[in-house]
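Notes for the structure review
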Amino acid sequence: MTNIAQPSIAPLITLGIESSCDETGIAIYHSTKGLLTHRLYSQVEMHAEYGGVVPELASRDHIKKLIPLIDKTIGDAKIQKSDINGIGYTAGPGLMGALLSGAAVARSLAFAWQIPAVAINHMEGHLLAPMLEEDKPDFPFICLLVSGGHTMLIRVDDIGQYKLLGETLDDAAGEAFDKTAKLLGLGYPGGPEVSKLALKSNTERYKFPRPMIDRPGLDMSFSGLKTFTRNTWLDAVQNQDNSEQTKAEICRAFEVAVADTLRIKCKRALEQENLNTLVVSGGVSANQEIRNRLDLLMQKRHGKTFYPRLEFCTDNGAMIAFAASKRLQAGESKNLNFACQPRWSLEELKAI
Ligand code: KG4
Ligand code: ZN
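What you are looking at is a predicted structure, and each value in this text was computed from that prediction instead of being measured. (Residues numbered from 1 in each chain as written. Chains lettered and ligands numbered in written order. Predicted model: local features only at pLDDT ≥ 70, side-chain atom pairs only at ≥ 80, totals over all residues. Heavy atoms only, no water.)

1. Side note on the state of the cysteines
This is how it is decided: Two cysteine sulfur atoms form a disulfide, by the criterion used here, when they sit within 2.5 Å. A simple rule labels every residue: compare its accessible area, found with a 1.4 Å probe on the protein chains alone, to the largest value its type can have, and call it buried under 20%, exposed over 50%, or partly exposed in between.
Counting across every chain of the model gives zero disulfides. Between Cys-266, a free cysteine, and Cys-143, which holds the nearest cysteine sulfur, the sulfur-to-sulfur gap is 9.0 Å. Look at Cys-266 and you get buried, because its relative accessible area is 0%. Cys-340 carries a free sulfur, and the closest cysteine sulfur to it, the one in Cys-21, is 14 Å from it.

Have a look at this one:
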C-alpha cells in the first residue's frame, strides 16, 4: 500500500539500490547538493560464459554484494549511516529473484534505521537519469527509452506523468544487439561489441531494412531485422565469405538500420506531440551511431537532445537514488509489506 504524506522540505539524503538484473548499483543522492557518490558492481564476467544473464546466479551474487557495497558507498560519501533519511530500491521491472534481493535489503535497512523507503520503477529511473546532469531537460519532452528489455517512446509531462506513444512489438533494441552479437560469435553484452566491430567497416556493402517505417504509428519491431542479419551472415558463411571484415560490414549495416529506424520514429513522435526536446536513455543510448543520428535530427529541427552520461546509460544506483529522492520529497513511501513486479508499466505510476 502506498501512503502519500505531506511533502517534506528538509534536505533528504537518499540511499538508492539497483538490483534488477546483472548489476548491483548503490548511490547516495542529496536533495540540495545532488549526487554525492555511487558504486557499481557488474556481474557481466560471471554471466559472459553463458552468453546471457542466468537469473539464479544473479540473485545469489546480489545477496553477497549488496551490504559490502552499501557500506563502501556510505564511506565514500563521508557521511554516517544515521545521516541517511530515505531509501529507494528497484521493485520492477526485472528478474524476480534479483529484485527481491535488493528490496529485502532496502526494506530491512529502512526498518532498522526507522526511515521511509520507496519502491522505484526501473524504467522511471532510466527515464530520469539525464536529470542527474547539470544541463537537464525541461518538461514536457519525448523520451526514447532503449534498454535490453524495453524500447519505448514516451511523452513525459512531469515526473510520474507518462504517456506511452509506441513500443516494440517484439525484441527490444538492446536485445536485438545482444542476439546479433551472439549469432556473430561476439561477446556479451552485445551492444558495445557490435558497435566496436562496426567501426572497422569501411564500405556500405550491405543495406538492411528499416522495420515498420512504412506503417503509421510509433510502434517498432526488431525481430525481423535480427532474422535478416542472421540470413545475411549464413549466406556469407555458405559463400566462404566469413572474414572479420564481412562481420564488421554486417555489424555496421545492422547498427545503422537500428539507428535510422529510431531516428525516424523519434521524428514522428516529436511531430505528433508538437515537441522539440528529446531525451534518450537506457543502455542502448550509449551507442554513438544512434546519438549521432538523433543529434543531427534535433539540430535540423533546432531542438535539443539530452542523454545521461555514459556510465548512467546502463543500469546504476544513481538513477534509482534520484527518482527515490523526488518521490520521497513528495511524501511517498511504502509500509513494511512489499512486493516486486517483474512487469510494471510506466503508465501505472503516480504523478508527484
Ligand atoms: O539499460 P540496460 O543496462 O539494462 C536493461 O534495463 O535492460 O541495457 C542493457 C542493454 C544491453 O542489451 C546492451 O547490449 C545494450 O544495452 N547496450 C548497447 C550499448 N551499450 C549497452 N547497445 C548498443 N550500443 C551500445 N554502446
Ligand atoms: Zn536497465
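2. A few points about the domain arrangement of the protein chain
Defined as follows: Those domain boundaries reflect an automatic or database domain assignment. By definition, residues are in contact when any of their heavy atoms lie within 4.5 Å. Joining two parts hides part of their accessible area as seen by a 1.4 Å probe, and the buried area is that hidden amount summed over both. When a carboxyl oxygen of Asp or Glu is within 4 Å of a side-chain nitrogen of Lys or Arg, the pair counts as a salt bridge. Starting at the N terminus, helices and strands are each numbered in turn, a helix being any DSSP run of H or I of at least four residues and a strand any DSSP run of E of at least two.
Splitting the protein chain by domain gives domain 1 (13-129 + 313-348) and domain 2 (136-307). Spacing between the C-alpha centres of domain 1 and domain 2 amounts to 27 Å. With 20 residues of domain 1 at the contact, the number on the domain 2 side is 23 residues. In total, domain 1 and domain 2 occlude about 1,600 Å² of area from one another, counting both sides; carbon and sulfur atoms represent 72% of this. Here domain 1 and domain 2 share zero salt bridges between them. Elements with a contribution of two residues or more to the side of domain 1 that touches domain 2: helix H1 (44-48), helix H4 (122-128) and helix H10 (318-329).

3. Some details on the packing of helix H5 (residues 173-183) against helix H7 (residues 223-238)
To keep things clear, this is the line we draw: For helices, the fitted axis covers only the stretch in contact; all axes are lines through C-alpha atoms, and the angles between them, taken along N-to-C directions, range from 0 to 180 degrees. Should an angle fall under 35 degrees it is called roughly parallel, over 145 degrees roughly antiparallel, and 65 to 115 degrees roughly perpendicular, with every other angle called oblique. In this scheme the handedness of a crossing depends on how the near helix is turned from the far one: anticlockwise by less than a right angle means left-handed, clockwise means right-handed. In this count, Pro and Cys sit with the nonpolar residues alongside Ala, Val, Leu, Ile, Met, Phe, Trp and Tyr, while Asp, Glu, Lys and Arg are called charged and the others, Gly among them, polar.
For the pair H5 and H7, interaxial distance at closest approach is 10 Å and the crossing angle is 15°. In terms of orientation, H5 lies roughly parallel with respect to H7. Note that H5 runs across H7; the crossing there is right-handed. Taking contact as the criterion, the partners of Lys-179, Thr-180 and Leu-183 in H5 are, on H7, Lys-226, Thr-229, Arg-230 and Trp-233. Looking at side-chain class alone, the contact of H5 with H7 contains two nonpolar, two polar and three charged residues.

4. Description of the coordination of the zinc ion (ligand 2)
For clarity, the threshold we go by: Only N, O and S atoms count as donors, using a 2.8 Å cut-off from the metal and 3.2 Å for Na, K and Ca, and because water is excluded some sites may appear unfinished. Every angle between 85 and 135 degrees makes a four-donor site tetrahedral, while opposite donors more than 155 degrees apart, with all other angles between 65 and 115, make a four-donor site square planar and a six-donor site octahedral; other sites are irregular.
Within the first shell, the zinc ion (ligand 2) binds the protein through His-122 (NE2), His-126 (NE2) and Asp-315 (OD), at distances of 2.0 to 2.1 Å. Viewed at the metal, the four donor atoms of the zinc ion (ligand 2) are separated by angles of 94 to 129°, and the geometry they form is tetrahedral. Each donor residue of the zinc ion (ligand 2) lies on one chain, and together they are spaced H-x3-H-x188-D. Of this pair, His-122 sits in helix H4 while Asp-315 sits in the loop between strand S11 (304-306) and H10; the two residues are 193 residues apart in sequence, bridging distant segments of the chain. When sorted by exposure, His-122 lands in the same class as Asp-315, which is buried.

5. Structural notes on the side chain of Thr-14
The residue Thr-14 is located in strand S2 (residues 13-18) in this model. In this structure Thr-14 touches Ala-27, Ile-28, Tyr-29, Gly-86, Ile-87, Gly-88, Ala-321, Ala-324, Ser-325 and Leu-328, once residues within four positions along its chain are discounted.

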